[in-house]
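Residue-level structural notes
Here is how the chains run, residue by residue.
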Amino acid sequence: MEPAQPADRVPADRTPPDGQPPADVSGGEPAVTDPTAPPPVVSAKSERSPKDMAISLLVLLVPIALLLAFYRGFLGGDQAATVDPAPAIEQARSANVFPVSQPQGLGSDWSTVSARYQTVEGGANLRLGYLTPEGRGVQLLQSSVPAERLLPAELTSESQPQGPTELAGRTWQLYTARGNQQALVLLEPTRTVIVVGDARDNELRELAGSLR
């Protein structure tokens with residue numbers, strides 16, 4: 001005789017009647033909400049007023065402004081470092097490769113910022129760099145390198161003469177140069193003189209006309 005098999009058990013329907021809360025199937029006590037509990041505190045995002053932000057920015061900017069004023073006023077931060085061109089000029093004259101000229105009568109607001117004499121392939125160069133009264137850069141180059149090689153190297157291969165101009169009894173040629181630069185070129189049998197930079201035309205002429 002076979003042992004009796006347990007009958008399939010059908011779970012009781014625990015769906016509550018309409019309008020009733022669901023029964024707690026865990027067998028525990030139903031959760032009770034304390035109506036007297038305070039609501040959760042939501043932290044409000046702090047907002048700074050424009051006045052507070054302006055004061056904070058001012059506190060940061062004042063020390064920076066003081067440092068800049070000290071740097072410019074006492075350390076000469078905005079002033080270009082000047083050099084004495086005399087040693088380079090004397091070296092070029094001692095080499096006796098070409099006649100050497102130097103500016104005469106320029107105002108004190110012209111600054112010499114570089115000076116170098118060197119021998120190069122095909123000749124020698126004397127370069128003097130200036131800062132004009134308007135704060136622009138100009139280079140004075142005197143060279144014994146043949147002009148057909150010198151001009152393309154210094155002014156670009158596309159540079160072309162724009163016409164002659166008379167300065168201190170010499171005939172210079174106005175040339176275009178790199179970018180927004182222009183140049184004045186003096187062609188002589190033993191040297192070529194170039195005044196080139198992004199300075200205004202009147203400053204280029206002043207420098208070229210001052211050569212003695």
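This text follows the structure it describes.
Described in the following lines is the structure provided in the data block. (Residues numbered from 1 in each chain as written. Predicted model: local features only at pLDDT ≥ 70, side-chain atom pairs only at ≥ 80, totals over all residues. Heavy atoms only, no water.)

**What to know about the sheet that holds strand E1 (residues 111-120)**
Taken in spatial order, the seven strands make up an open sheet running E1-E2-E3-E7-E6-E5-E4, and their pairing is antiparallel. What marks the edges here is a single partner per strand, and that holds for E1 and strand E4 (161-167). Each strand of the sheet is rotated relative to its neighbour by a mean of 20°, with strand direction disregarded. On top of the sheet, helix H2 (residues 86-95) reaches E1 and strand E2 (123-131); it is set at about 30° to E1, its chief contact. Contacting E2, strand E3 (137-143), strand E5 (170-176), strand E6 (182-187) and strand E7 (192-197), helix H3 (residues 147-155) runs over the sheet at an angle of about 10° to E7. (Pairing = 2+ DSSP bridges. Helix = DSSP H or I, 4+ residues; strand = E, 2+ residues; numbered from the N terminus. Axes fitted to C-alpha atoms, helices over the stretch in contact; angles between N-to-C directions. Contact = heavy atoms within 4.5 Å.)

**Points about the pattern of salt bridges**
This model, assessed by the stated rule, comprises five salt bridges. Between Arg136 and Glu134 there is a salt bridge, with the nearest N and O atoms lying 3.8 Å from each other. Across the salt bridge formed by Arg205 and Asp201, the nearest N and O atoms sit 2.6 Å from each other. Pair noted here: Arg205 and Asp201 are both in helix H4 (residues 201-209), with a separation of four residues, about one helical turn. Given the relative accessible area of 29%, Asp201 is considered partly exposed. (Salt bridge = Lys/Arg side-chain N within 4 Å of Asp/Glu carboxyl O. Buried < 20%, exposed > 50% of the residue type's maximum accessible area, 1.4 Å probe, protein only.)

**Some thoughts on H2**
Every buried residue of H2 is accounted for by Ala88, Ile89 and Ala92. Along the axis of H2, the buried residues cluster in a sector spanning 100°; they form a single face. Exposed side of H2, more than 90 degrees from the buried face: Pro87 and Ser94 are the residues found there. Contact partners of the buried residues in H2: E1 and E2. (Arc of directions from axis to C-beta.)

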